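# Notes for the structure review
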Amino acid sequence: MKVLKRIINSKYFMVVLWTVLIVTIWEIFAFIVQYTKRTPVNVLPHLSGILESILSTKTINGSQTALQMVLVNAGATLSRAGIGFLIGTALGFVLALLMNLSGTVEKVAFPYLMLIQMIPVLGMAPIILALTGDIGTSRTVIAAILTFYPVATNTLAGFKGVQKEKHELMYSYAASKFQVYVKTLIPACLPSFFTGMKIAAPMAVTASILVDTLQGGIGLGCLLSQSLKGAMTRYVFWQIVLLSAIVGILSFVLIGAIEKKVCPYNQKTKG
Amino acid sequence: MLSMVDMRTDVEIMLKDIGMTYKTSTNTDVTALTNVTMNIHKGEFVSLLGPSGCGKTTLLRIIADLLTPTVGEISVGGESPREARLKRKYGIVFQGAVLYDWRTVKKNVMLPLEIMHLPKKDCEERADKMLEMVGLKDFAKHYPRQLSGGMQQRVGIARALAIQPEILLMDEPFSALDEFTREKLHEDLLRIWRKTNKTIVFVTHNIQESVFLSDRVCVLSPHPGRISALIDIDLPRPRTVEIKSTPEFTGYVAQIRSSFEGI
Ligand SMILES: Nc1ncnc2c1ncn2[C@@H]1O[C@H](COP(=O)(O)OP(=O)(O)OP(=O)(O)O)[C@@H](O)[C@H]1O
Ligand SMILES: [Mg+2]
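Throughout what follows, the structure given in this document is the object of discussion. For every chain, the first residue of its written sequence is number 1, and the numbers climb from 1 along that sequence. Chain letters and ligand numbers both follow the written order, the letters beginning at A and the numbers at 1. In view of the model being predicted, local features appear only for residues whose pLDDT reaches at least 70, and side-chain atom pairs are presented and counted only at 80 or more, with totals across whole chains, interfaces and linings using the full set of residues. Each side-chain value is worked out from all heavy atoms of the structure, with water and hydrogens disregarded.

## Some points on unusual backbone geometry
Residue and element names in this part refer to chain B. Cis geometry is found at the peptide bond from H223 to P224, where omega equals -10 degrees. Within the element layout of this structure, P224 appears in the loop between β8 (216–221) and β9 (226–232). Following R237, the chain continues into P238 via a peptide bond in cis, with omega recorded as -5 degrees. Topologically, P238 is positioned in the loop between β9 and α8 (247–261). Helix and strand definitions here come from DSSP, where helices need a minimum of 4 consecutive H or I residues and strands a minimum of 2 consecutive E residues; each element is numbered from the N-terminal end.

## As for the site of ligand 1
Residues and elements named next belong to chain B. Every residue lining ligand 1 is accounted for by Y22, T24, V30, A32, S52, G53, C54, G55, K56, T57, T58 and E172. Polar contact is the term for a pair of N or O atoms within 3.5 Å; when the atoms are in protein, one must be able to donate a hydrogen and the other to accept it, and sequence-neighboring residues count only if both atoms are side-chain atoms. One nitrogen or oxygen atom from the main chain of G53 is found 2.9 Å from an oxygen atom belonging to ligand 1. Contact between ligand 1 and T58: an oxygen atom at 2.5 Å from a side-chain N or O atom of the residue. Coverage of ligand 1 by the protein chains reaches 62% of its 640 Å² of free accessible surface. Listed by contribution, the elements that provide at least two residues to the shell around ligand 1 are β2 (30–41) and α1 (56–63). Its residues placed into classes, the shell around ligand 1 shows 4 nonpolar, 6 polar and 2 charged. Put simply, a residue is near a molecule or strand once any heavy atom of it comes within 4 Å of that molecule or strand. All accessible-area figures derive from a Shrake-Rupley calculation using a 1.4 Å probe, and residue coverage is judged against the displayed protein chains alone. Three classes are used: nonpolar for Ala, Val, Leu, Ile, Met, Phe, Trp, Tyr, Cys and Pro, charged for Asp, Glu, Lys and Arg, and polar for all others, with Gly counted as polar.

## Quick notes on the layout of surface pockets
To locate leftover empty space, one rolls a probe as large as a water molecule over the atoms. All names here are of chain A. Approximately 510 Å³ is the volume attributed to the largest pocket. Grid points spaced at 1 Å over the protein atoms alone were grouped into cavities, where a 1.4 Å probe fits but cannot get out, and pockets, open sets with protein on both sides within 12 Å along at least five of seven lines, with lining residues defined by an atom within 4 Å of a point. Around the largest pocket sit 15 residues that line it, and T19, I22, A245, I246 and I249 are the ones nearest its centre. The biggest single contributor to the lining of the largest pocket is helix α11 (residues 234–262), with 8 residues. Here the lining of the largest pocket is built from residues that sort into 14 nonpolar, 1 polar and no charged. Grid points are joined across faces, edges and corners, and a volume is the space filled by probe spheres set on the points.

Note that every value here comes from positions in space, so none of it alone points to a role or purpose.
Quick look at the structure:
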């Protein structure tokens, strides 16, 4: 019993359980698809097939293997998403700061924030492309815009959530506005700031891929739509799906790790 | 009962005809305090006692310069509360400890000192001294969430004392604690008070607590909040828990309780 409990409570148990479950469910459906006639045929390949395609050394466009091609395009898409994410995070934080400093800024900026958030990414893409004139830049900008909103709103909520008594303490210490921010508000908002980043990171990645599909050029999304149209082996498609999922999870884990480093007090540890 | 004339020259906080009316959005103004007149002397331990809503916190916040009274005069050491605040004459302790969970216990105590731009070495030394005084020397490196409620409240007291304020303002600091912890903290607070000679204004709704701690109990009654009695507590010091079973002590408790009966 004790051993069983230890296993269940272990950090890795859930990861293993999830992996096993997903693989099982995937394979069940892969078999169903395989043994029933579907159109298009065999949309869901077996995992072994995907794995095989990843390890395969056969070139598919004359010079690159499927994996090489996916990775090259992933590099382009992810670096755009990454840079956009960093820019969006920085701008989101600064705007939250400005909105908290001035009620006027908040009143003016907030409706625009909402508005930008309501325009669908696919509608935004051509507009941004027209504005920037460069496909790569426009995709970075879109990733930044998508990151911006969750980071700004969460950080602002973090600022606003600071206990009234903490403000009163700072007031009674005759602290300057600068000190209030450095000593109280900014450290206090960090957990919310990280929450914003965790929400934004997978969004930046998926949006980048989505925008790729729209306009062509180099990028995971372009590759994705080509392979969907049958221009390439369907395994390219599945490699991309797999890779995107991994990147999404990794971005989340990475930010969580940074958060743990920056605010260790926030973690619930025993003892 | 109300002595309007004060002959003593060591007045620390002078309150004259203080009134406070909160303006609310629904246009129904709330009169939280009227005609509050009293002097608090240097080194005196005064409790503000009364039922919920009688304006204790309001009065404390007026003294602390967190609120400006709608009418009346107030001076602290001959100056306005604002001047006193800017000179960092106030140490404030709230009902919750209001600690900074990203700072260790010691860093929490150092916070006001950092704001005062004290050299780091002085900050550390003073924080160590304060923690020693509240009996938390061994917990300097702990984080607040690793402490019990009583210990957290001690950190709050150490932090308030760190800036070496002349006046300690405490708003129901022990009301969230269990009886045992509270009694221990009462004795500690009296010991610290004797050692540091602060003027203490202590808000509570606990009659026993106010009698045990105070030189004087200011009884407030609600609707509108006003002083209904000022009672000198003539019990010998230093006081220990044993005093609570003396007839003098129970006499004061009964006297204060009966002063509420008319309300
Ligand atoms: N910010 C505010 N706006 C409007 N009314 C207020 C405000 N703060 C307090 N009041 C009102 O003023 C009165 C006195 O409030 P106060 O908080 O000073 O009471 P208290 O004696 O400290 O009560 P408690 O023991 O519950 O803490 C109450 O009727 C309360 O509703
Ligand atoms: Mg109160």
